[in-house]
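Understanding the architecture of this molecule
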Amino acid sequence: MDGLGKRSCSMEKEALKIINKGEDEEMELQGYRFCPWRLALVGLGVLCTGGFLLLLLYWMPQWCAKFTCRRTTARDAEVVLLRSTDEFRTWFLARVQILLAPGRNPFHDLETQTSSLASSMADGCIHRPSGDGSTQEFIQRFADYQPVQIRYFCFHSATYYWNDELQNFEVLTGVEDLQVRCSTLHSEHSKGLTRDQQGYRKLFFGVNEISVEVPSIFKLLIKEVLNPFYIFQLFSVILWTVDEYYYYAMAIVVMSVISIATSLYTVKKQYVMLRDMVSAHSIVRVSVCRANNDIEEILSTDLVPGDLLVIPSSGTIMPCDAVLVSGTCIVNESMLTGESVPVTKTDLPNPVSGERSEATDDVYSTNEHKRHTLFCGTNIIQTRYYTDELVKAVVVCTGFSTAKGKLVRSILYPKPTDFKLYRDAYFFLLCLVGVAGIGFIYSIVHSVMNKVPAKTIIIESLDIITITVPPALPAALTAGIVYAQRRLKRLGIFCISPQRINICGQINLVCFDKTGTLTEDGLDLWGVQRVENRSFHLSEENPYKENLVKSQFVACMATCHSLTKIEGQLSGDPLDLKMFEATGWIMEEATEEETALHNHIMPTVFRPPKHLLPPEPAVSPEQDMELYELSSAYEIGIVRQFPFSSALQRMTVVARLLGEKRMDAYMKGAPEMVAGLCKEETVPENFAEVLESYTKQGFRVIALAHRRLESKLTWHKVQNVNRVHIEANMDFLGLIIMQNKLKTETAGVLHDLHGAQIRTVMVTGDNMLTAISVARDCGMIPSEDTIIVADAISPNNGQAAKIMWRYADEPSKTPHLEIAQEVNISLEDVCHVDEKKSQPLYHFAMNGKSFSIIEEHFPDMLQKLVLRGTVFARMAPDQKTQLIEALQGVDYFVAMCGDGANDCGALKRAHGGISLSELEASVASPFTSRTPNISCVPNLIREGRAALITSFCVFKYMALYSIIQYISVTLLYSILSNLGDFQFLFIDLAIILLVVFTMSLNPAGKELVSRRPPSGLISGQLLGSVLTQILICFGFQIITFFLVQQQPWYTVWTPLTDVCNKSSHNLSVHNQTDLDDHNIRNFENTSLFFVSCFQYLIVAIVFSKGKPFRQPTYKNWPFVLSLAGLYFLMLFILFYDTHISPEIVCVPFEWRLQLLFIILVNATVSVLMETFILDIVLWKLVFSRDKQGNSGLAPAAPRPKVGIDRQSFKCLSWLCCPGKMAPKARYMHLAQELSVDPDWPPKPTTTTEAKPHPESGSSCQFLDIS
C-alpha cells in the first residue's frame, strides 16, 4: 500500500506542469485520460438529474475532468485541465489532439530528421492544422519519412505542442525560439526557404492570419442561455407555470428574451467590429525570395517564420512581424503605439567577422531590436532599396504570435475584472440564498404541520427561493453602467470595457505622462548655447546665421534626425522638425530613379540655403563650370543612421561632407547621456550648473556632439559597425533649449484632483529637473514642499547597491523638514480625519535607472517611495508599467493618462487607462478621450463614482425588494396564503422595473468631492443601511399583519364576507367568484400588499441618494415622475371603493386610514434612519474612513515632540475611533508606520545601503556620510 501511495503521489507531482512560466498567461496544467466507467456513471447521472449534472460540469471544468477522467502524465493526456496562476485561479479544459508530420522540429531540414526524432526539440505553437488536401498532399510527398505523432492542444487562439526535451507543452512563436544572433540571421536566415520547407513549417505554424471568428447566433444563444442566472430563471418559470402564475411567468419570459436578444446583439456587434478592424488589409499578395533566388508571389496567409519577404517600394500593410535585413523603411506604427509620427526602420546590424562577440553580436529580440523590426498591421509608407538587393525582411512570427495578434488576443480573452463590488455581490447573493433556505425549511415544516398536500408543499417551498433571488438583478445593474457609458460618450470619452467604469469610481491616484498630456505636443526652439574650448557661449536665439552655417553645431542640427519627405512634405518627430526648421537647411531625398543608377542606397542630402553661404570668387573662363560647382557646393549626405532609442536616450548619424574622404558622426540626446559619451576635456566644467538652470525653468534640453571618424572606416564598414564604436570619444558641441508649454487646462484639472484628495504623479521620459519644474509649475508639487531625489547606484566591485539622498533644490529655497517635524498628535487629529489636513511636505523624485535598481535591490524601500513619489523621469515604457504595478501593489486604485505613445502597457495595466490619442492604439486602452487634454480625467472619475453609487443603490434596492417580498410571502404562508398572480405582476413590472431603470438615470455630480464611495457592498455604511431598512420593513409588516387580525370587524374572509357594507353591490361578484384554492383573497393579503407596495417606493426614495456623488434626485425627472405616478396609483387603489383586482378584498375605510398612517410612519422612520442616523452620525463617527487619496496619509513627521510613544498613540487612537485602527489599504498601513518612524524620510547627504541576508533576501541600512 505504501508503494501504491508513493506512486500516486509521484503521479500527481509528475502530472502537474507549469506552462507560459513567468508570463501573463502562466497556467498550471494537469493531464487526464478518459475513464469509460466514470463516463458511464456521469451519463447515468445526467439522465437521472434531467441534464442538470451536465450543466454543473459545464460550469465547473475541474469537476468535469475529475468525474469523467483519471489522472495521468501530461505526456499521455487526452484532456488537459488548466488553471491560471493569477489571483482569479480560473479553470479551463482543453482536448489534446494528434498531428501527423514528417518531423518534430519545424526549423530542421527534413533531410536531417532521423528516426530518433523523439529527442529533437518540439517547442511549438501552431494554429491548428486544417488537415485539408494540401496538407495531405505535402505529407504524401514525404512518404519516405515515417510520420511522427505530435500531441498538441489549442487554447485562446494559441496552440501548445508537446516538447519531449522539456517534458512539457510549449508555444512555438517563430524565429525567436531559436535564440539566433544578428549575424546568424544575416548568414543563415536571409536566403529564403524552399517550397518544401515552407510547406513543412506551415504544418506547425498554420495559416498566417489573425482570424477573429464571429460566433453564430445559435452558438452565442446557447452560451448565453447556459448562464446560471438564465437556468435559474428557466427553473422559476417552470415552477410558476405549475403554480398557475401564468401571467407572471409570461412576463419574466418576455423580459428574459429581451435581455438575451440585447446581449446577443451587443456581443455580436463587438465581434463584428473587432473582426472588421483586424481583417482590414490582413490578406494581401506578397513577394518572397526562395532559396534559389527566385522571387515568388504568394498570399500573405502562406507566410511562415523564416520566409524572406520583399517589401515593395510603394509601401504595404505588414501581414506579419519581420526583421529588416537590407534597406530602410518609413513606417507608421500608430496601430500599435498611438504614435502618428512616421518611424524610420533600418536594417539589422550585421557585425563583421572580426567583431562578432557577446558584446556586439546580440541575440535577436523584437523588444531589443524594435528599430529594425516591422510589426504586423503597421503601414509601410516608403522604402529605400538597392538595385541588386531589394528591401528584404525575414519573417519572425505570424498570426496570433505577432505584436498585433497578441493585442487582439488580449481583447478577445481579457483578464477578469477584479473589483470588490463584484466579489461582494456574489457573497451577497449567497446570503440571500441562505435567507431563502431558512424560508424554504420554514415553509416545509409549517405546511407539513398543517397537512398541506405534497405537491403544494414542494411548489410553495421552491417558490420562496425564486422570490428571494431577484430575477431582474443583472439587467438592473447593467442599466446603470450603460447609462454611464452613454454620458461618457457625450463628454467625448469612449469606453471599450464598460465594467471599468465602476472601478474608476474608486480611483485615488492618477499617473500622467508629461509631453503631449500635461504640456503641449509641440516644442518651440527657445535658443541654443554652443560650446567652444570647453566653455559655453552666451545663449543665442537661433543658429540661422552666416557665421554658423558651416559649423559642426549647425551640421549636427541639420542632419541628426529621422525626418523624411512624404508626398513632398517633411514628416517626423515634432522635436526633430523644429530643430531642422531652425537651421533653414534644405533636405533632398533621392528618387527611385536616382537610386536605381547606383550600387548603394542614394543618401539623403542636406545643404544650407545659398544666401547663407559666404560668397565665392568669380569663375575664370578657363575653369570647368561643373568642377567649380562641385567644389563650391556645401552638402552633407547621410551614410548611416542609428535611430533614437528611448532605452539609450540618444540617436546618431554618420555623414560625409561632399568632397571629403573622412566621415563625421553626429549625436543628439539626453544631456547627461551625451556628456557621458564625450571626451572629458570637451565638456565645460559648469555643464551641470548650466543644465540645471535650464531644466529648473522647465525647458527641455537636448545636447549635441560630434566626432571625426577614422579614414579606415569605409562605407561598407560603417554599414556593419556597431553603434557603440561610433558613439565614443565624441566632442561636446553644446545645448539646444526647447520650450514645452503647459496646456491651459492642466493646472486647473490638477487643482481639482488635489481638492478631491486624489494623488497625482508624473511619469515621463524627459529629464528629471525639467519634470520637477513642470510639476511645480502645474501645481503637482506646491512651491513650499521639499523634493528629495533618490539616486540609486547598482552593485559594483563587490559593493552593495546604494541609494544616495539629496534635495532637488537648494536647502535655503525650501523649508527644512525639521520644521515639519514639530507636529502634535492630538485626539482631534486622530478622530476627525475627514477634516482637511495640511498637504504633505516632501516628495520623492527618481529616474528610470534608479527605479530599476531600487525595484531589484530595495523591494521594501520601493513601497515606501511610491507612497510619496511624485516625479518619475527618464522612464522607459516597461518601467511605466512596473510603476503602475508597484502602486497597485500597495492598494492604490490607479488611473493612467497618456497620449498613446509608449504608454500602451501602462494604459492597459492601470485600473483606468485613458488614452488621449484617437488612433487605433486606443484599442489597448479601456478609455479614449476625444478631447486632447487631461480635463477628461475628472470627468471620468465623476462618472465612475456616479456609476458606482448607482450600482450600490440598485443592488441595495433589489435586495430590499426581495426581502420585503420574502417577508410578505413568509407571513402569508403562516396562514396558508400567498400573493396572487396579478399582485406579483404589478409589483415586479409596474413598480420594480420602472423604479430600477429610472433610478439609474441620475447624472454625475458636477463637483469632484474629497470623499470616495465605498469600494464594496460589505462595508459598514452600506450594510448598516440595508440591515436597518430590512428591520424597519419587517417591523411594519409584522405590525400590519397582527394589527389587522385585532380589528373588531376582522373575520376569516369568504366570498360572502361584507365588512364594507356593500352586499347589494357585490352580490353579482360573489356569484361569479370561484372558490379560492390558494387562499389569496383575505384581509392579511390585502393589507400586506398595500404596505409592501408603499415600502418598495419608500425604499426607492431612501436609497436613491444624490449628493455628493450624483446630482440631486429631483433633477432625475423620469424617476421623480415615475414615483409620483406610482404613489398616485397606489393611493387611488387604496381608497378606491370598487375592486381594482379580484385578488384584493374590500376593507373598511377606517382601516385604510390606519394603513396610510402606518405607511407614513414607516416612511418617516426609514428616511430619518438613513439620512440622519446613518449618514450623519454613523458615517462621521464610526464608518468614516481615512482619506485614501493624496491626503489620506498623516503628515510626514518622523517623531512628534509631544510625549506620545507608538503604543500610547495606538491606544489613544483605538479609544477614540476603534473602527479606524486597522485601515484596509496597504499604503495606509505604511503611512501609519512611517508617521512614527524617526528615520523617515531619509535626510539628505545620507546613503541607504542594501545589506543582503542569506535567509531573507535584502534589507536596508541608513548610513550618514555627511
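Take the overall build of the chain next. Helix and strand counts for the chain come out as 41 helices and 42 strands. Classification of the 1266 residues of the chain by burial places 53% in the buried group. For the chain, the proportion of contacts with a sequence separation of at least 24, taken over those separated by at least 6, is 76%. For the chain, the exposed surface amounts to about 56600 Å²; the carbon and sulfur share of it is 57%.

Turning our attention to the sheet that holds strand β8 (residues 158-163). The sheet built from 4 strands is open, its strands ordered β6-β7-β8-β9 with antiparallel pairing. Only two strands of the sheet have a single partner each, and these edge strands are β6 (97-101) and β9 (168-171). Strand-to-strand twist of the sheet, defined as the mean angle between neighbouring strand axes without regard to direction, takes the value 40°. Looking at chain direction, β8 and β9 are connected through 4 bridges and run antiparallel. Following the sheet pairing, Tyr161 is matched in β9 by Glu170. Packing against the sheet, helix α7 (residues 195-205) makes contact with β6, β7 (148-155) and β8, and its axis sits at approximately 175° to β6.

Moving on to the packing of aromatic side chains. The geometry of an aromatic ring pair comes down to the distance between the two centres and the angle between the two planes. Taken as a whole and judged by the stated rule, the model has 30 aromatic pairs. Relative to Phe169, the ring of Trp162 has its centre 5.2 Å away and its plane inclined at 70°; by these criteria the two rings are edge-to-face. Here Trp162 and Phe169 have matching classes, each one buried. Through a chain of ring-to-ring contacts, the aromatic side chains of Tyr152, Tyr161, Tyr200 and Phe204 assemble into a single cluster. Residue placement shows Arg868 over the ring face of Tyr842; its charged tip is 5.5 Å from the ring centre.

What follows is about the packing of helix α34 (residues 981-999) against helix α38 (residues 1117-1135). In the contact formed by α34 and α38, the axes pass within 8 Å of each other and the chain directions differ by 155°. If you check the angle between α34 and α38, you find them roughly antiparallel. By crossing handedness, the relation of α34 to α38 is classed as left-handed. Here Phe986, Ala990, Ile991, Leu994, Val995, Thr998 and Met999 of α34 come into contact with α38, specifically with Pro1118, Phe1119, Ser1122, Leu1123, Leu1126, Leu1129, Met1130 and Ile1133.

Locating Val46 in the fold gives a position in helix α2 (residues 36-48). The class for Val46 is buried, based on a relative accessible area of 17%. The residues touching Val46, leaving out its near neighbours within four places in the chain, are Gly51, Leu53 and Leu54.

Next up on the list: the sheet that holds strand β16 (residues 343-345). With antiparallel pairing, the 4 strands of this open sheet are ordered in space as β13-β18-β15-β16. If you trace the sheet from one side to the other, it starts and ends with β13 (316-317) and β16, each paired once. In this sheet, β16 lies alongside strand β15 (residues 328-332) in antiparallel orientation, the contact comprising 3 bridges. Considered in β16, the bridge of Cys329 is made with Lys345.

Attention now goes to the pairing of strand β18 (residues 379-384). With 2 bridges joining them, β13 and β18 adopt antiparallel strand pairing. Looking at β18, one finds that Thr316 is bridged to Ile380.

Next up on the list: a nonpolar patch on the surface. Nonpolar side chains collect at one region of the surface, where Phe1128, Leu1129, Phe1132 and Tyr1136 lie side by side and expose about 400 Å² of accessible area between them. Residue position: Leu1129 is located in helix α38. On the basis of relative accessibility, which here comes to 32%, the residue Leu1129 falls in the partly exposed class.

A packed helix pair is summarised by two numbers, namely the angle formed by the two axes and the spacing between the axes. Taken N-terminus to C-terminus, the directions of helix α33 (residues 936-973) and helix α35 (residues 1020-1045) make an angle of 25°; their axes are 10 Å apart at the nearest point. It follows from the interaxial angle that α33 and α35 lie roughly parallel. You can see that α33 and α35 cross each other, and the crossing is right-handed. Residue-level inspection shows Phe952, Lys956, Leu960, Ile963, Ile964, Ile967, Ser968 and Leu971 of α33 in contact with α35, the latter providing Leu1022, Ser1025, Val1026, Gln1029, Ile1030, Cys1033, Phe1034, Gln1037, Ile1038 and Phe1041. Residue classes in the contact of α33 with α35 are distributed as 13 nonpolar, 4 polar and 1 charged.

Below, the discussion takes up unusual backbone geometry. What is expected of a backbone is that most residues other than glycine have negative phi and most peptide bonds are trans. Geometrically, the link from Trp1240 to Pro1241 is a cis peptide bond, its omega value of 0° lying close to zero. Tracing the chain through its elements places Pro1241 in the loop between α41 (1226-1235) and β41 (1246-1253). Unusually for a residue other than glycine, Gln757 sits at a positive phi of about 60°. Counting through the fold element by element, Gln757 comes out in the loop between α25 (746-755) and β33 (759-763).

Predicted confidence across the chain gives a mean pLDDT of 76, with 79% of residues reaching 70 or more. Low confidence marks residues 353-359, where pLDDT is under 50. Its contacts with residues over four positions away, or in another chain, come to 9 contacts.

It is worth spelling out the pattern of salt bridges at this point. Counting across every chain of the model gives 28 salt bridges. Salt-bridge contacts for Arg723 lead to Glu727; the nearest nitrogen and oxygen are separated by 2.9 Å. Exposure class is identical for Arg723 and Glu727. Each is buried. A single network of salt bridges, built from pairs that share partners, joins Arg195, Arg290, Glu296 and Asp307.

The next thing to look at is the environment of Asn720. Mapped onto the fold, Asn720 is located in helix α23 (residues 715-720). For the pair Asn720 and Asp347, spaced 373 residues apart in the sequence, the C-alpha separation amounts to 10.0 Å.

Before going further, it helps to examine helix α4 (residues 61-68). Those residues of α4 that fall on the buried side of the exposure criterion are Pro61, Gln62, Cys64, Ala65 and Thr68. Around the axis of α4, the buried residues are gathered within 160° of arc, so they sit on the same side.

Core analysis: the largest hydrophobic core is formed by 81 residues, its most contacted members being Tyr957, Met958, Ile991, Ile992 and Val995. Excluding anything up to four places from it in sequence, Ile991 contacts Tyr957, Phe986, Cys1093, Tyr1096, Leu1097 and Leu1126. Membership of the second largest hydrophobic core comes to 44 residues, among which are Leu753, Ala775, Ala808 and Leu940.

As for its placement among the helices and strands, Gln965 is situated in helix α33. If near-sequence neighbours (up to four positions away) are discounted, Gln965 is found in contact with Ile467, Leu979, Phe984, Ile987, Asp988 and Tyr1096.

Within the secondary structure layout, Gln641 lies in strand β28 (residues 636-645). What makes Gln641 buried here is its relative accessible area of 16%. There is a polar contact of 2.9 Å between the side chain of Gln641 and the backbone oxygen of His561.

Below, the discussion takes up the environment of Ala558. Mapped onto the fold, Ala558 is located in helix α17 (residues 552-559). For Ala558, a relative accessible area of 0% corresponds to the buried category. It is 7.0 Å that separates the C-alpha atoms of Ala558 and Phe606, two residues lying 48 residues apart in sequence. Dropping the residues within four chain positions of it, Ala558 is found in contact with Phe580, Thr583, Trp585 and Phe606.

Rules behind the numbers
Residues numbered from 1 in each chain as written. Predicted model: local features only at pLDDT ≥ 70, side-chain atom pairs only at ≥ 80, totals over all residues. Heavy atoms only, no water. Helix = DSSP H or I, 4+ residues; strand = E, 2+ residues; numbered from the N terminus. Buried < 20%, exposed > 50% of the residue type's maximum accessible area, 1.4 Å probe, protein only. Contact = heavy atoms within 4.5 Å. Areas by Shrake-Rupley, 256 points an atom, 1.4 Å probe, with all protein chains shown as cover. Pairing = 2+ DSSP bridges. Axes fitted to C-alpha atoms, helices over the stretch in contact; angles between N-to-C directions. Phe/Tyr/Trp six-rings, centres within 6.5 Å; stacked < 30°, edge-to-face > 60°. Lys NZ or Arg CZ within 6 Å of the ring centre and 35° of its normal. Parallel < 35°, antiparallel > 145°, perpendicular 65-115°, else oblique. Left-handed = near helix turned anticlockwise from the far one by under 90°. Patch = residues over 30% accessible without salt bridge, like charges linked within 9 Å, V, L, I, M, F, W, Y side chains within 5 Å. Salt bridge = Lys/Arg side-chain N within 4 Å of Asp/Glu carboxyl O. Nonpolar A, V, L, I, M, F, W, Y, C, P; charged D, E, K, R; others polar. pLDDT = per-residue confidence, 0-100. Arc of directions from axis to C-beta. Core = buried A, V, L, I, M, F, W, Y, C linked by side-chain atoms within 4.5 Å. Polar contact = N/O pair within 3.5 Å; in protein donor to acceptor, adjacent residues only side chain to side chain.

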